[in-house]
There are 2 protein chains.
Amino acid sequence: MPIDNSNMLKAIEDFPEQCRTALGLAKGMAVSGKIDKIVVAGMGGSAVGGDLLKSYLHDSKIPILAVRDYKLPNFVDEKTLVFAVSYSGNTEETLSAFDDAQKKKAKVVAVTSGGKLSELAGKLIKIPKGLQPRAALGYLFFPVLGVLVNSGIAKDNAGDVNEMLEILSKKEEFRAFGEKLAKRIGNRTPLIYASEQFSAVAYRWKTQFNENSKVAAFAHVFSEMNHNEIVGYQTMAKDKFISIFIRDNHDNERIVKRMDITKEIISQKIEVVEVYTKGSSMLSRLFSALHYADYASYYLALQNKIDPTPVHVIENLKKKLAE
Amino acid sequence: MPIDNSNMLKAIEDFPEQCRTALGLAKGMAVSGKIDKIVVAGMGGSAVGGDLLKSYLHDSKIPILAVRDYKLPNFVDEKTLVFAVSYSGNTEETLSAFDDAQKKKAKVVAVTSGGKLSELAGKLIKIPKGLQPRAALGYLFFPVLGVLVNSGIAKDNAGDVNEMLEILSKKEEFRAFGEKLAKRIGNRTPLIYASEQFSAVAYRWKTQFNENSKVAAFAHVFSEMNHNEIVGYQTMAKDKFISIFIRDNHDNERIVKRMDITKEIISQKIEVVEVYTKGSSMLSRLFSALHYADYASYYLALQNKIDPTPVHVIENLKKKLAE
């Protein structure tokens, strides 16, 4: 395997350890007072952290919203808890949203490894530097969850964490999965689907293929895809696309039936791969499904003789934006 | 032009008239009492109505959420106004969400042309039958807005409506646009982008290409696409994809700059088409941009010798789901 100049594989293999470290980073940080809305402001991987939070706390009585924009919605107020999450601390949208949160008198907690955000923020969780933001998902997610646990908003599920870490530690299994799936994908564009509850996972798969493998990839959810996207399969070419279904043993029975029937219908045209989440807790199921994408997108990059780490086009864009 | 057996063109051309009729359908219907969350439960075009509402009422102090699922979030309660929207009245996800809304003691208003939903609903807005659900967007959106206006939650902007209807009435212009864009797209897969505020529009373009033209199509938003999807362009083939940017004269200046730079970067690989919204009010800008997609997807279907109206695969799926 030729090209991995910056050792993305190491970052991926260290992911369980990152999660373990990340779990401790919110230590003692809590917010007080009435909170009736939670907003996670961030872009890319940081926003995926917000979507994951929504999935993980799907029973929440408090609305949780990921905002990927310069401004926050107008309903953000002093009873809103806003997490401003930016790995570098210099993401312009997140800095702007952070500013907006302060203007709206929200309770704000920043999560960052440095940059302007670390200078501006009052309540701040500092996370380790030196990774590609997309390889820092553990650091971007667990401190946010930690603050919610410390504040009595989310339950502390230590048992879930142990199960998750045990599952993620089986590196050989994930690696074999990733190599095999990369081969199966070949030159085709992956289309990734999951239930609405796992939409953050499907989206993360897409973005990992985009950023690590530098290929087009798209994500959608069940059952919404049954109302529109499925019709497009009528004219799709076998050699251009491949579908990946993220399945979970706890999927609603109608979603299970929809996935089965959809597979039957579209596999007359397009190859369908099914990937099952692992573990019994929601945390394990979410993170096992996410971690598969790390390996699959990594090996797809190598297969295409592409270095998974650098994202030159984003660096180039940022330079031009600063002009 | 050979194939339009069920006269989809007529439905598209009648759209301004549909909007005019739809505006009157909520007459007198209002909800009272404290409302601190608004949820639009629906699938496909009905859910797009919810997303559009969010865009149109972007200044809202009340969170607005489109839910495309069998269950509503746990924060739905007696202070939540839930619109259950289903053109046929038999969409199983929406019926399930309607049931859930009642269990959660939300204030519920149903919008439908008939079916089970019309039998079950207390507060009901009946809309005309006989269209494909996706061709009924005016009926699915304006009654919801009407209830909010009648309830003092949204402003009554009669002037906006007049401007919008005038713009939409220029059928020749829309038709010429659609024919030209369909030719330009050819056999390539359209990738549609808009600002976060116009995300419902980009998504509607995608679904219209899926359902009317029966082709693959995907949508994403600025600036999030700058953080991941843009990297995939590195390996995308010129003859496989075409990008369409929905632009608005009121786009945030950083979004404008991002779109300009992104166009410059990706058009080295992939053709980029820019489409501007029309009019000065948000209503005109949203609906002009939406209406372009009706025509473009229609002519793309004819160009591919495909009847735009029937969506056999969805009918087939529904039959299998009922077994």
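J.: Got a sec to walk through the packing of helix H3 (residues 45-56) of chain B against helix H12 (residues 282-303) of chain B? Specific residues and values, please.
T.: Residues and elements named next belong to chain B. For the pair H3 and H12, interaxial distance at closest approach is 10 Å and the crossing angle is 145°. The two elements H3 and H12 cross, and the hand of that crossing is right-handed. Residues Leu52, Ser55 and Tyr56 of H3 lie in contact with H12, whose contacting residues are Met282, Leu283, Leu286, Phe287 and Leu290.

J.: Tell me about the sheet that holds strand E4 (residues 107-112) of chain A, residues and numbers included.
T.: Residues and elements named next belong to chain A. Spatially, E2-E1-E3-E4-E5 is the arrangement adopted by the five strands of the open sheet, whose pairing is parallel. At either end of the open sheet lies a strand with only one pairing partner, and these are strand E2 (64-67) and strand E5 (123-126). Each neighbouring strand pair of the sheet contributes to a mean axis angle of 20°, computed without reference to strand direction. Sheet analysis places strand E3 (residues 80-86) next to E4, joined by six bridges and oriented parallel. Each bridged residue has a counterpart across the sheet, and for phenylalanine 83 the counterpart in E4 is valine 109. Running at roughly 165° to E2, helix H3 (residues 45-56) makes contact with strand E1 (37-41), E2 and E3 of the sheet. Against the sheet, helix H6 (residues 137-150) engages E1, E3, E4 and E5, with an angle of about 160° to E3.

J.: Lay out the relation of the copies chain B and chain A with the relevant residues and their values.
T.: Overlay of chain B on chain A (RMSD 0.0 Å): rotation 180°, translation along the axis 0.0 Å. One copy is carried onto the other by what is essentially a two-fold rotation axis. Relative to the rotation axis, the C-alpha of phenylalanine 218 of chain B is the closest in chain B, positioned 3.6 Å from it.

J.: Summarise the interface of chain B and chain A; cite the residues concerned and give the values.
T.: If you look at the interface, chain B gives 62 residues, while chain A gives 62 residues. Summing both partners gives a buried area of about 5800 Å² for chain B against chain A, and 60% of it is carried by carbon and sulfur. Taken together, the links from chain B to chain A amount to twelve salt bridges. Taken together, the links from chain B to chain A amount to 36 residue pairs in polar contact (both at pLDDT 80 or more). Taken together, the elements giving at least two residues each to the side of chain B that touches chain A come down to helix H4 (92-103), strand E6 (189-195), helix H9 (199-213), strand E7 (218-222), helix H10 (229-232), helix H11 (253-266) and helix H13 (312-322) of chain B. Top element by residues in the side of chain B that touches chain A is H11 of chain B. It accounts for eight residues. Tallied by class, the residues present in the side of chain B that touches chain A amount to 24 nonpolar, 18 polar and 20 charged.

J.: Could you give an account of the pairing of strand E5 (residues 123-126) of chain B, with specific residues and numbers?
T.: Two faces make up the sheet, and in a regular strand the side chains alternate between them. All names here are of chain B. Two elements, strand E4 (residues 107-112) and E5, share four bridges in a ladder whose sense is parallel. Counterpart to threonine 112 in the pairing with E5 is lysine 126. As for the winding sense of the linkage, the β-α-β connection from E4 through helix H5 (residues 115-120) to E5 is right-handed.

J.: Got a sec to walk through the packing of aromatic side chains? Specific residues and values, please.
T.: All names here are of chain B. Enumeration according to the criterion identifies 29 aromatic pairs over all chains in this entry. Residues phenylalanine 141 and phenylalanine 287 carry aromatic rings whose centres are separated by 5.3 Å and whose planes lie at 50° to one another, so their mutual orientation is tilted. With a gap of 146 residues between them, phenylalanine 141 in helix H6 (residues 137-150) and phenylalanine 287 in helix H12 connect regions that are remote in the sequence. Since its relative accessible area comes to 0%, phenylalanine 287 is described here as buried.

Criteria and cut-off values
- Residues numbered from 1 in each chain as written.
- Chains lettered and ligands numbered in written order.
- Predicted model: local features only at pLDDT ≥ 70, side-chain atom pairs only at ≥ 80, totals over all residues.
- Heavy atoms only, no water.
- Axes fitted to C-alpha atoms, helices over the stretch in contact; angles between N-to-C directions.
- Helix = DSSP H or I, 4+ residues; strand = E, 2+ residues; numbered from the N terminus.
- Left-handed = near helix turned anticlockwise from the far one by under 90°.
- Contact = heavy atoms within 4.5 Å.
- Pairing = 2+ DSSP bridges.
- Least-squares fit on C-alpha atoms with pLDDT ≥ 70 in both.
- Buried area = accessible area lost by both parts, 1.4 Å probe.
- Salt bridge = Lys/Arg side-chain N within 4 Å of Asp/Glu carboxyl O.
- Polar contact = N/O pair within 3.5 Å; in protein donor to acceptor, adjacent residues only side chain to side chain.
- Nonpolar A, V, L, I, M, F, W, Y, C, P; charged D, E, K, R; others polar.
- Right-handed = clockwise from strand over helix to strand, strands pointing away.
- Phe/Tyr/Trp six-rings, centres within 6.5 Å; stacked < 30°, edge-to-face > 60°.
- Buried < 20%, exposed > 50% of the residue type's maximum accessible area, 1.4 Å probe, protein only.

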